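Survey of secondary and tertiary structure
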Amino acid sequence: MLTIRNLKKSYGGSPLFEEANLQINYDTRAALVGPNGAGKSTIFRIILGQEEADAGTVELDEWSLVGFLPQESEDVGDFSVLEIATGRAGTIEELEKELKAMEESGQVESRAYYEAQSKFDALNDPQVEAKAKKMLRGLGYPAENFDRPAKEMSGGWIMRAHLARLLVIEPSLLMLDEPTNHLDLMSLLWFQDYLKNYNGAILMISHDREFMDAIVTEVHEISERKLLHYSGNYSDFEKQRYDNYERQNNAYKNQQKQIGELQAFANKFRSVSSKASQ
């Protein structure tokens, strides 16, 4: 579905990462981890076409549909919570404009056209309102708030409405940036169970270890400008990383010991040779 090859990105001459490779298949459950500033969000933006890489390629299957939940919510205007969750908050109109523009420019065979059409079809499904209400309830919204103006809600509740819309669309690749930040325990548990049975791939950035342990089956870490790959959930990743560190540390200690022994032997040999010459 998604293949990244030899990706490189620098800012101000300092590389964030280089020769980064990543393969996401249709059943992948993956986390992208690393310290703040390592380049996790940059990789997301490159995948989404919002930023250019310095080198390397990003290939998406022609018929794959990508959905993204950013950390920050979009402007909600005067739309209600349900209108956002069903795409009636301007999303459908925007998709119509995109489709028309691509049709007029002869891009109907492009991946972008397919993606826009798929989102448009999903949000025009006769069952979209029922699906949106189901997602909103799962994410903790009481039914009496469905018709409330979203601008009356807090940022966290608005993010839940945007998340509900994304789940209604059901993209084949679900990209999530800190998705649990605004969820309480009950909505988090519902979302976690939903993702366990999600019919598509998941690529997430998260600091929630328990959430990643429950969902992901592989971890990709940005470390020292490289993208390192680990199998298993987050706890498995931590154990593998620690084991790797121990092996490298032991190898370094053994190397230093050998160097010390060789140096001692050389010193002894020089001492013997010096005495013999006297």
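Residues numbered from 1 in each chain as written. Predicted model: local features only at pLDDT ≥ 70, side-chain atom pairs only at ≥ 80, totals over all residues. Heavy atoms only, no water.

Details of the overall build of the protein
- A count of helical and extended segments in the protein gives 9 helices and 9 strands.
- In summary, the protein has a C-alpha radius of gyration of 25 Å against a globular reference of 19 Å for 278 residues, an excess of more than 25%.
- Viewed in the frame of its principal axes, the protein has a C-alpha envelope of about 100 × 45 × 30 Å.
- Looking at the 278 residues of the protein, the share that counts as buried comes to 43%.
- Accessible area for the protein stands at about 15200 Å²; split by element, carbon and sulfur atoms hold 48% of it.
- Within the protein, one finds 31 positive and 44 negative side-chain charges whose respective centroids are separated by 10 Å. (Helix = DSSP H or I, 4+ residues; strand = E, 2+ residues; numbered from the N terminus. Rg over C-alpha atoms; globule rule 2.2 N^0.38 Å. Buried < 20%, exposed > 50% of the residue type's maximum accessible area, 1.4 Å probe, protein only. Areas by Shrake-Rupley, 256 points an atom, 1.4 Å probe, with all protein chains shown as cover. Lys, Arg positive; Asp, Glu negative; His and termini not counted. Charge placed at Lys NZ, Arg CZ, Asp CG, Glu CD.)

With respect to the pairing of strand S9 (residues 226–231)
- Pairing of strand S8 (residues 218–223) with S9, which is carried by 6 bridges, proceeds in the antiparallel orientation. In the strand pairing of S9, His 220 is matched with His 229.
- The turn joining S8 and S9, which pair antiparallel and follow one another in sequence, is formed by 2 residues; a positive phi near 50° is taken by Glu 224. (Pairing = 2+ DSSP bridges.)

Points about the sheet that holds strand S2 (residues 14–24)
- Pairing in this open sheet of 3 strands is antiparallel, and the strands run S2-S1-S4 from one edge to the other. The sheet terminates laterally at S2 and strand S4 (55–60), the two strands that pair on one side only. Across the sheet, the mean angle separating the axes of adjacent strands is 20° when strand polarity is ignored.
- Running over the sheet, helix H1 (residues 40–47) touches strand S1 (2–11), S2 and S4 and is turned about 125° from S1. (Axes fitted to C-alpha atoms, helices over the stretch in contact; angles between N-to-C directions. Contact = heavy atoms within 4.5 Å.)

Regarding helix H5 (residues 128–138)
- Among the residues of H5, those classed as buried are Val 128, Ala 132, Met 135, Leu 136 and Gly 138. Within H5, the buried residues cover an arc of 160° as seen down the axis, which keeps them to one side.
- Residues of H5 that are buried sit in contact with helix H2 (81–86), helix H4 (111–123), helix H6 (155–169) and helix H7 (185–196).
- One or two residues past the end of H5 sits Gly 140, with phi positive at roughly 100°. (Arc of directions from axis to C-beta.)

So, the pattern of salt bridges
- Evaluated as defined, the whole model comprises 17 salt bridges.
- Linking Lys 131 and Glu 170 is a salt bridge whose minimum nitrogen-to-oxygen distance equals 3.4 Å. Placement of the pair is Lys 131 in helix H5 and Glu 170 in the loop between H6 and strand S6 (173–177), with a sequence separation of 39 residues.
- Taking the shortest distance from any N to any O, the salt bridge between Asp 184 and Arg 160 comes out at 3.9 Å. With a gap of 24 residues between them, Asp 184 in the loop between S6 and H7 and Arg 160 in helix H6 connect regions that are remote in the sequence.
- Taking the relative accessible area as the measure of exposure, Asp 184 reaches 37% and is therefore partly exposed.
- One network of salt bridges, in which partners are shared, links Lys 9, Arg 45, Glu 51 and Asp 54. (Salt bridge = Lys/Arg side-chain N within 4 Å of Asp/Glu carboxyl O.)

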